[in-house]
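Residue strings, one per chain:
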Amino acid sequence: MAASNQETIVLKLSDGNQVEVNLFGGTVTSWKCCGDEMLFLSRQSVFDNKKAIRGGIPLVFPHFGAWSVGPQHGFARIQMFKVAQCPLVDEEGNVRATIYLEDNEETRKIWDHKFRLSLTLILKQCKLEMDLKIKNTGQSDFDFTTLIHTYFKTDVTKCCVLGLAGSCFSDKVNGGDDQVEARDAISIDRNIDK
């Protein structure tokens, strides 16, 4: 089962599990699994096709972090994607769709390379799979960084991060000081940006 319009596509299973993808930025803005929303989407998100959507699952390409030649986390989050394959039910009863972004005049002004970024989403019962592919469609090699930047909806006061003891980090909340993590279990009890 599928629904689509100009700016979003929806993948939906008969049991109510569904995914909504905004074509601006190729950002997954909702994933409902067993009746529960799985993703955080900021109330401050502006859907104006100019600013990156805050939350959900944005795609970062061709650069993660601050970038001297373009917007932070690259330009994919602020480009309009196209639909390569509308949502359809596959032979296993899953719903799949593919969206893509190709280089254009605006991206080449920032980063002069030819590419095709494609994202295939496969909605299964209580599971979402995402397959991100980057293809160099030009003649020159290029380096890039990319990620599927997921914002899960969770109660951070009930979470902790393990395995980072001894790791170096920059504490952006406290002026960017370089530090070494001493804790075995890091609880989220204050504003953290490391």
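All of these numbers come straight from a predicted model, not from anything done at the bench. Residue positions are given per chain, counting from 1 as you read along its sequence in written order. Thresholds applied to this predicted model are a pLDDT of at least 70 for local features of residues and 80 or more for the giving and counting of side-chain atom pairs; totals over whole chains, interfaces and linings are not thresholded and use all residues. Excluded from the side-chain calculation are hydrogens and water; included are all heavy atoms of the structure.

A.B. asks: Even after reading the chapter, I still don't get the layout of surface pockets, so can you show me in this structure?
C.D. replies: If a probe as big as a water molecule is rolled over the atoms, it shows which places are left empty. Here the term cavity refers to a set of points on a 1 Å grid, laid over the protein atoms alone, in which a 1.4 Å probe fits but cannot get out; the term pocket refers to an open set having protein on both sides within 12 Å along at least five of seven lines, with lining residues being those that place an atom within 4 Å of a point. Grid points are joined across faces, edges and corners, and a volume is the space filled by probe spheres set on the points. Put simply, the largest pocket is a space of about 980 Å³. In terms of lining, the largest pocket is formed by 23 residues, of which the most central are Val156, Ile188, Ile192, Asp193 and Lys194. A helix here means a DSSP run of H or I that spans at least four residues, while a strand means a run of E at least two residues long, and both kinds are numbered starting from the N terminus. Looking at the lining of the largest pocket, the elements with two or more residues in it are strand 12 (160–162) and strand 13 (168–171). The class makeup of the residues in the lining of the largest pocket is 14 nonpolar, five polar and four charged. Amino acids outside the nonpolar list (Ala, Val, Leu, Ile, Met, Phe, Trp, Tyr, Cys, Pro) and the charged list (Asp, Glu, Lys, Arg) are all regarded as polar, and Gly is one of them.

A.B. asks: Is there a simple way to explain the side chain of threonine 107 in this structure?
C.D. replies: Take threonine 107: it is sitting in helix 1 (residues 105–110). In contact with threonine 107, not counting residues within four places along its chain, are Phe75, Gln79 and Phe115. For this analysis, residues touch if any pair of their heavy atoms sits within 4.5 Å.

A.B. asks: What am I meant to see in the confidence of the model for the protein here?
C.D. replies: Any residue range with low pLDDT should be treated as having predicted coordinates unsuitable for detailed reading. Mean pLDDT over the protein stands at 92; residues scoring 70 or higher make up 97%. Every residue in residues 1–5 is under pLDDT 50, and counting partners more than four places away or in other chains gives nine contacts. Every residue carries a pLDDT, the predictor's confidence in it, which falls somewhere between 0 and 100.

A.B. asks: Sorry, what's going on with the state of the cysteines here?
C.D. replies: Throughout this description, disulfide means a covalent bond between two cysteine sulfur atoms. For the purposes of this analysis, a disulfide is any pair of cysteine sulfur atoms at a distance within 2.5 Å. Inspection of every chain in the model, using the stated rule, returns one disulfide. Note that cysteine 34 is cross-linked by a disulfide to cysteine 126, the S-S spacing being 2.5 Å. Note on the cysteine 34 and cysteine 126 pair: the S-S dihedral is about 45°, so by sign convention the disulfide is right-handed. With a gap of 92 residues between them, cysteine 34 in the loop between strand 4 (27–33) and strand 5 (36–37) and cysteine 126 in the loop between strand 9 (115–124) and strand 10 (127–136) connect regions that are remote in the sequence. Any residue under 20% of the maximum accessible area for its type is buried, any over 50% is exposed, and the rest in between are partly exposed; the area is computed with a 1.4 Å probe on protein chains only. We classify cysteine 34 as exposed; its relative accessible area is 54%. Residue classification places cysteine 126 among the partly exposed positions, given a relative accessible area of 38%.

A.B. asks: Would you mind going over the sheet that holds strand 9 with me for this structure?
C.D. replies: By way of backbone hydrogen bonds, the strands of a sheet pair with one another, either parallel or antiparallel. Following DSSP output, two strands are said to pair if at least two bridges run between them. Taken together, the four strands give an open sheet; going across it, the order is 7-8-9-10, and neighbouring strands pair in antiparallel fashion. Bordering the open sheet on either side are strand 7 (82–89) and strand 10, each of which pairs with just one other strand. Taking the axes of each pair of neighbouring strands and ignoring which way they run, one obtains an average angle of 10° across the sheet. Here strand 7 runs beside strand 8 (residues 95–102); their pairing, made up of five bridges, is antiparallel. From the neighbouring strand, lysine 82 faces strand 8, where its bridge partner is tyrosine 100. Between N-to-C directions, angles cover 0 to 180 degrees, with each direction set by a line fitted to C-alpha atoms, over the stretch in contact for helices.

A.B. asks: What's the story with unusual backbone geometry in this structure? I'm lost.
C.D. replies: It is generally the case that most residues other than glycine have a negative phi and that most peptide bonds are trans. Of note, the amide linkage connecting phenylalanine 61 to proline 62 takes the cis form, showing an omega dihedral of 0°. Even without being glycine, asparagine 49 reaches a positive phi, approximately 60°. Mapped onto the secondary structure, asparagine 49 falls in the loop between strand 5 and strand 6 (59–60). Judged by relative accessible area, asparagine 49 falls into the partly exposed class, the value being 29%. Look at cysteine 126: it is not a glycine, yet its phi comes out positive at around 55°.

A.B. asks: What is the right way to read the pairing of strand 4 from this model?
C.D. replies: Look at any regular strand and the pattern is simple: side chains alternate between the two faces of the sheet. Most of strand 4 is tucked away, with six of its seven residues classed as buried. Relative to strand 4, strand 3 (residues 18–22) is paired through five bridges, and the arrangement is antiparallel. Note that in strand 4 the partner of glutamine 18 across the bridge is lysine 32. Counting the residues that bridge the hairpin from strand 3 to strand 4 gives four residues, and of these glycine 25 lies at a positive phi of roughly 85°. Between strand 4 and strand 5, which follow one another and run antiparallel, lie two residues, and cysteine 34 among them has a positive phi close to 55°.

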